[in-house]
Amino acid sequence: MSSETRLKITGMTCGHCVAHTKKALEAVPGVVEADVSLEPGGAVVKGEASADALVAAVKDAGYEAQVES
Ligand code: 9UX
């Protein structure tokens, strides 16, 4: 399993969105750190969390995510 997951994230429009997404990702079991960028929308998530759990966490926070790698 990869120790780093890259997500494409859509729907974030401001810095607070980035903070919400970062907090949501870092609450997923196995995540060590999430670096979220607004433009382009995405995240690099370090740790051993399942990609499905990361996508679900972003959706729960109100945004959309796709796994890139
Ligand atoms: Mo402010 Mo970002 O409502 O959704 S947190 S635009």
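Anyway, here's the lowdown on the structure attached to this text. (Residues numbered from 1 in each chain as written. Predicted model: local features only at pLDDT ≥ 70, side-chain atom pairs only at ≥ 80, totals over all residues. Heavy atoms only, no water.)

**Some remarks on the nonpolar core**
Counting 19 residues, the largest nonpolar core has L7, I9, L25, V45 and L54 as its most contacted members. When contributions to this core are tallied by element, the ones reaching two or more residues are β1 (4-10), α1 (15-26), β2 (31-37), β3 (42-47) and α2 (51-61). With four residues, α2 is the single largest residue contributor to this core. Leave out the neighbours within four places in its chain, and I9 touches T21, G41, G42, A43, V58, Y63, E64 and A65. (Core = buried A, V, L, I, M, F, W, Y, C linked by side-chain atoms within 4.5 Å. Buried < 20%, exposed > 50% of the residue type's maximum accessible area, 1.4 Å probe, protein only. Helix = DSSP H or I, 4+ residues; strand = E, 2+ residues; numbered from the N terminus. Contact = heavy atoms within 4.5 Å.)

**A few points about the site of the ligand**
T13, C14, H16, C17, H20 and Y63 make up every residue found near the ligand. Residue composition of the shell around the ligand, by class: three nonpolar, three polar and no charged. (Near = heavy atom within 4 Å. Nonpolar A, V, L, I, M, F, W, Y, C, P; charged D, E, K, R; others polar.)

**What to know about the environment of V18**
Note on placement: V18 falls in helix α1. V18 gets classed as buried once you look at its relative accessible area, which sits at 16%. Taking the C-alpha atoms as reference, V18 lies 6.3 Å from L38; in sequence the two are 20 residues apart. Excluding anything up to four places from it in sequence, V18 contacts M12, V36 and L38.

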